[in-house]
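Read off the chains here:
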Amino acid sequence: MSIALFLGLTVSAAAFDGQPTPNVQIGPNDLSPTEALRAGARQYYAGDKAGALNSLQYAAENGQPMAAWKLGEMYAKGDGVQEDDLKAFQYYSQIVREHGDDSPSAPDAPFVSSAFVALGSYYLNGIDGSVPKNEPRARQIFTHAASYFGDAEAQYELGRMYQDNNSRMAVRWYNLAAIKGHVGAQARLGETLYTIGTSEKKKARGLMWMTVAREQATGSEAVWINSMHEQYFAVSPETVREKARVLADGWIEQNRSDLLTAQQLKTQ
């Protein structure tokens, strides 16, 4: 998920110099939870991750899901702290427990939804010695994020869980994420449609989605998507290739403005 919303907090963190206060805990007499969240954002982007940790912990302990989400991200990636998947799991669990039923239109909803996806991934893969794998629980969590919040990443994860045993459900979830611009879902949707396609028209539709994904993929994502596209392109007759190219060009042209916006947010 884009960090742009969290980054935006730094703009309104007025009257805070971004410098840590050694051995002093932030409390109610110093900053409100909202102010602590803004201070933590400003400290983080100023490079003071130790000070940010203190501010964000206070904000998270006092009901700020955005702060808990950022702490989860920091511990999951070892960003300014020692990597600790269990601590990340606990912060994501806190968000889901306290805010899982918040309105999907609430300002914090993107962070709540992202926490669901992260938590589902932990249940899907497990944490050695701490959290056993639990696929039914992972599916339940992804389904809530995908249905209630409309989260594209959760929809993509559900597609992956269903792809090998229920193509119809996989197509349903991949399609919802694909039309939102999720590149991985576009590629997997194309692969699934091509595989189950019984006519040139249906296979062309599958190759079209793989082409759309290839046109947008960057970084490590581009490696497997390009490989997938080459695999199916190579076995397709020229008629399928041509239909797919026309469909892909039309889709990209129709959605160009949305794609540019998504790419800008992805880099923020």
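In what follows, the accompanying structure is described.

1. Focus on the nonpolar core
Generally speaking, nonpolar side chains in soluble globular proteins are found buried as a group.
At step 1: Of all hydrophobic cores here, the largest spans 78 residues; its most connected members are Y92 and W209.
At step 2: If you tally residues by element for this core, the top one is helix 6 (residues 109-125), at 10 residues.

2. Section: the side chain of Q64
At step 1: With respect to the helices and strands, Q64 occurs in the loop between helix 3 (49-61) and helix 4 (65-77).
At step 2: Owing to a relative accessible area of 15%, Q64 belongs among the buried residues under this scheme.
At step 3: Other than its neighbours up to four places away in sequence, Q64 contacts P33, T34, L37 and A59.

3. Looking at the environment of P110
At step 1: As for its placement among the helices and strands, P110 is situated in helix 6.
At step 2: Under the relative-accessibility criterion, P110 is labelled partly exposed at 29%.
At step 3: As for P110 and D151, which are separated by 41 residues in sequence, their C-alpha atoms are 8.2 Å apart.

4. Quick notes on the packing of helix 7 (residues 135-148) against helix 8 (residues 152-162)
At step 1: The N-to-C vectors of helix 7 and helix 8 enclose an angle of 140°; their axes lie 8 Å apart at closest approach. Considered as vectors, helix 7 and helix 8 are oriented oblique to each other. Two packed elements cross with a definite hand, and for helix 7 against helix 8 that hand is left-handed. In this structure, helix 7 uses E135, R139, F142, T143, A145 and A146 to contact helix 8, whose residues at the interface are A154, Q155, E157, L158, M161 and Y162.

5. Focus on the packing of helix 6 against helix 7
At step 1: Relative to each other, helix 6 and helix 7 sit at 165°, their axes nearing to 8 Å. Of the possible angle classes, the one that applies to helix 6 and helix 7 is roughly antiparallel. You can see that helix 6 and helix 7 cross each other, and the crossing is left-handed. Where helix 6 approaches helix 7, its residues S113, F116, V117, L119, G120, S121, Y123 and L124 are matched on the opposing element by E135, R137, A138, I141, F142, H144 and A145.

6. Observations regarding the environment of N62
At step 1: Tracing the backbone through its elements, the reader meets N62 in the loop between helix 3 and helix 4.
At step 2: On the basis of relative accessibility, which here comes to 40%, the residue N62 falls in the partly exposed class.
At step 3: In this structure, the C-alpha to C-alpha distance between N62 and S32, residues 30 residues apart in sequence, is 8.9 Å.
At step 4: At 2.8 Å, the side chain of N62 and the backbone oxygen of Y58 are in polar contact.

What counts and how
Residues numbered from 1 in each chain as written. Predicted model: local features only at pLDDT ≥ 70, side-chain atom pairs only at ≥ 80, totals over all residues. Heavy atoms only, no water. Core = buried A, V, L, I, M, F, W, Y, C linked by side-chain atoms within 4.5 Å. Buried < 20%, exposed > 50% of the residue type's maximum accessible area, 1.4 Å probe, protein only. Helix = DSSP H or I, 4+ residues; strand = E, 2+ residues; numbered from the N terminus. Contact = heavy atoms within 4.5 Å. Axes fitted to C-alpha atoms, helices over the stretch in contact; angles between N-to-C directions. Parallel < 35°, antiparallel > 145°, perpendicular 65-115°, else oblique. Left-handed = near helix turned anticlockwise from the far one by under 90°. Polar contact = N/O pair within 3.5 Å; in protein donor to acceptor, adjacent residues only side chain to side chain.

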